[in-house]
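The chain contents come next:
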Amino acid sequence: MEKPASVQALVDLGFTELEADVYSFLLTESPATGYRVSQATGRLPANVYKALETLQAKGAVLIDEGASRMCSPAPPSELLSMLRRRYTDREARAERALADLRTTTDDDRVYQLRSREQVMERCRTMLERCKKVAVLDLFPQPLAELKGDLEALAARGVEVTVKTFHPTKMKGVTTVTTPNGDKAAETYPGQWIFLVADGAEMLLASLAEDGRRLHQAIYTSSVALAYFVHAWISSEMMLCMLLEEIDRSEDADQIKAAARTILHPNEDVETTGLQGDLLRFKHIYNKGVPGYDALVEMIGLRTSQEPIPV
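I will try to describe carefully the structure that is included in this document. Quantities reported herein were computed from a predicted structural model and do not represent experimental measurements.

## Some details on a nonpolar patch on the surface
- Residues Leu239, Leu243 and Ile246 make up a contiguous nonpolar surface patch of about 250 Å² in total accessible area.
- One can find Leu239 in helix 9 (residues 223-248).

Rendered as structure tokens:
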């Protein structure tokens, strides 16, 4: 039999099913004796009395110390506020205790994430620790969910660039719209997330069409993988900008000049418009991207600071 919503909600907060059942009953009929609660819920009296003692210790139930030992529930708002403060205190203690256990060992393995909640929390964690540049390719549903986090990241001075399927404005965030976004999105059923932070760690995830269920997701801090996905997303963004320019411009020379900016960038020449926008993407490729610097150091093939041409 399916649990009542009130019972399930309390179970999700850490109550046993019996405790949740007893508290829910008392909200509908109180004060009441333990025997009355036992009769109404169909539970054994001994188990109900034990549950009432536990609920009293948790602050969820008040018990009259008189002979009748009448029981009354704490108001839900009071109970939830108390649980919230208790959780916050425990979270703070756990954070302090676990901080001493953190390691700095490099880990270039690829891991699968198993839940949607884990995926979104890892996205936020990656954005929180990003220091220089973040590139993302986001479908509409995860974009809407991460919008506030992206704007907060940009406000910290991090360069944030997002490829979207529909024109989207975000404060401090550069967005690039995929031409014919609706048709392009149909190519990949569901809702997808491509996120690379500092060219050093990446997350790829496929969600169901409604964005609520996870099909598959992987995460890695392998710079060899993360940086090349970083470069791929940036290249996709530049291609989208060129395609958009081709659609709206009849000036072939201007389009060729923009294309040459990608292949042969000259940072000493002042550029404007599309050329300037494309040149900015060249800046987030090599030198200065933490993942690129780590990759060069790992491979050990180059000692100069000159970027590898892309």
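## Comments concerning the sheet that holds strand 7 (residues 191-197)
- Spatially, 3-9-8-7-4-5-6 is the arrangement adopted by the seven strands of the open sheet, whose pairing is mixed. Of all strands in the sheet, those with a lone pairing partner are strand 3 (110-112) and strand 6 (174-177), marking the two edges. Taken pair by pair, the neighbouring strands of this sheet meet at an average axis angle of 15°, ignoring direction.
- As defined by bridge partners, strand 4 (residues 133-138) adjoins strand 5 (residues 159-164) across five bridges and the pair is classed as parallel. Of the residues in strand 5, the one forming a bridge with Val135 is Thr161.
- In the packing of helix 6 (residues 116-129) onto the sheet, the strands contacted are strand 4, strand 7, strand 8 (201-207) and strand 9 (214-220), and the crossing angle to strand 8 comes to about 150°.

## Here's the deal with the pattern of salt bridges
- On inspection of all chains with the given rule, the structure shows ten salt bridges.
- Among the salt bridges present, the one from Asp21 reaches Arg43, with a minimum N-O distance of 3.4 Å. In this pair, Asp21 sits in helix 2 (residues 17-28) while Arg43 sits in the loop between helix 3 (34-41) and helix 4 (45-58), placing the two residues 22 residues apart along the sequence.
- The shortest N-O distance in the salt bridge between Arg124 and Glu145 comes to 3.8 Å. With Arg124 in helix 6 and Glu145 in helix 7 (residues 140-155), this pair connects stretches of sequence that are 21 residues apart.
- Each of Arg116, Arg124, Glu145 and Asp149 takes part in salt bridges that share partners, so that together they form one network.

## Quick look at the pairing of strand 4
- Of all six residues that make up strand 4, six are buried, and the element is covered over most of its length.
- Here strand 4 shows a buried face lined by Val133, Val135 and Asp137 and a second buried face lined by Ala134, Leu136 and Leu138.
- Chirality of the crossover, the property in question, places the unit of strand 4, helix 7 and strand 5 among those that are right-handed.

## Observations concerning the nonpolar core
- In this structure, Val119, Leu150, Val160, Val162, Ile193 and Leu203 are the most contacted members of the largest nonpolar core, which totals 28 residues.
- Those residues within four positions of Leu203 in sequence are excluded, and the remaining contacts are Leu113, Val119, Arg122, Cys123, Met126, Ile193, Phe194, Leu195, Ile218 and Tyr219.
- Counting 21 residues, the second largest nonpolar core, distinct from the first, contains Val7, Phe15, Leu18 and Val61.

## A look at the packing of helix 2 against helix 3
- Where helix 2 contacts helix 3, the two axes come as close as 10 Å, and the packing angle between them is 105°. Considered as vectors, helix 2 and helix 3 are oriented roughly perpendicular to each other. Listed contacts from helix 3 to Asp21, Val22, Phe25 and Leu26 of helix 2 are Arg36, Val37, Ala40 and Thr41.
- Among the residues forming the contact of helix 2 with helix 3, the class breakdown is five nonpolar, one polar and two charged.

## Notes on helix 12 (residues 290-299)
- Among the residues of helix 12, Gly291, Tyr292, Leu295 and Val296 are the ones counted as buried. Taken end-on, helix 12 shows its buried residues confined to a sector of 135°, consistent with a single buried face. Turned more than 90 degrees away from the buried face of helix 12, the exposed residues are Glu297 and Met298.
- Looking one or two residues past helix 12, Gly300 carries a phi angle of roughly 70°, positive in sign.

Analysis parameters
- Residues numbered from 1 in each chain as written.
- Predicted model: local features only at pLDDT ≥ 70, side-chain atom pairs only at ≥ 80, totals over all residues.
- Heavy atoms only, no water.
- Patch = residues over 30% accessible without salt bridge, like charges linked within 9 Å, V, L, I, M, F, W, Y side chains within 5 Å.
- Areas by Shrake-Rupley, 256 points an atom, 1.4 Å probe, with all protein chains shown as cover.
- Salt bridge = Lys/Arg side-chain N within 4 Å of Asp/Glu carboxyl O.
- Helix = DSSP H or I, 4+ residues; strand = E, 2+ residues; numbered from the N terminus.
- Pairing = 2+ DSSP bridges.
- Axes fitted to C-alpha atoms, helices over the stretch in contact; angles between N-to-C directions.
- Contact = heavy atoms within 4.5 Å.
- Buried < 20%, exposed > 50% of the residue type's maximum accessible area, 1.4 Å probe, protein only.
- Right-handed = clockwise from strand over helix to strand, strands pointing away.
- Core = buried A, V, L, I, M, F, W, Y, C linked by side-chain atoms within 4.5 Å.
- Parallel < 35°, antiparallel > 145°, perpendicular 65-115°, else oblique.
- Nonpolar A, V, L, I, M, F, W, Y, C, P; charged D, E, K, R; others polar.
- Arc of directions from axis to C-beta.

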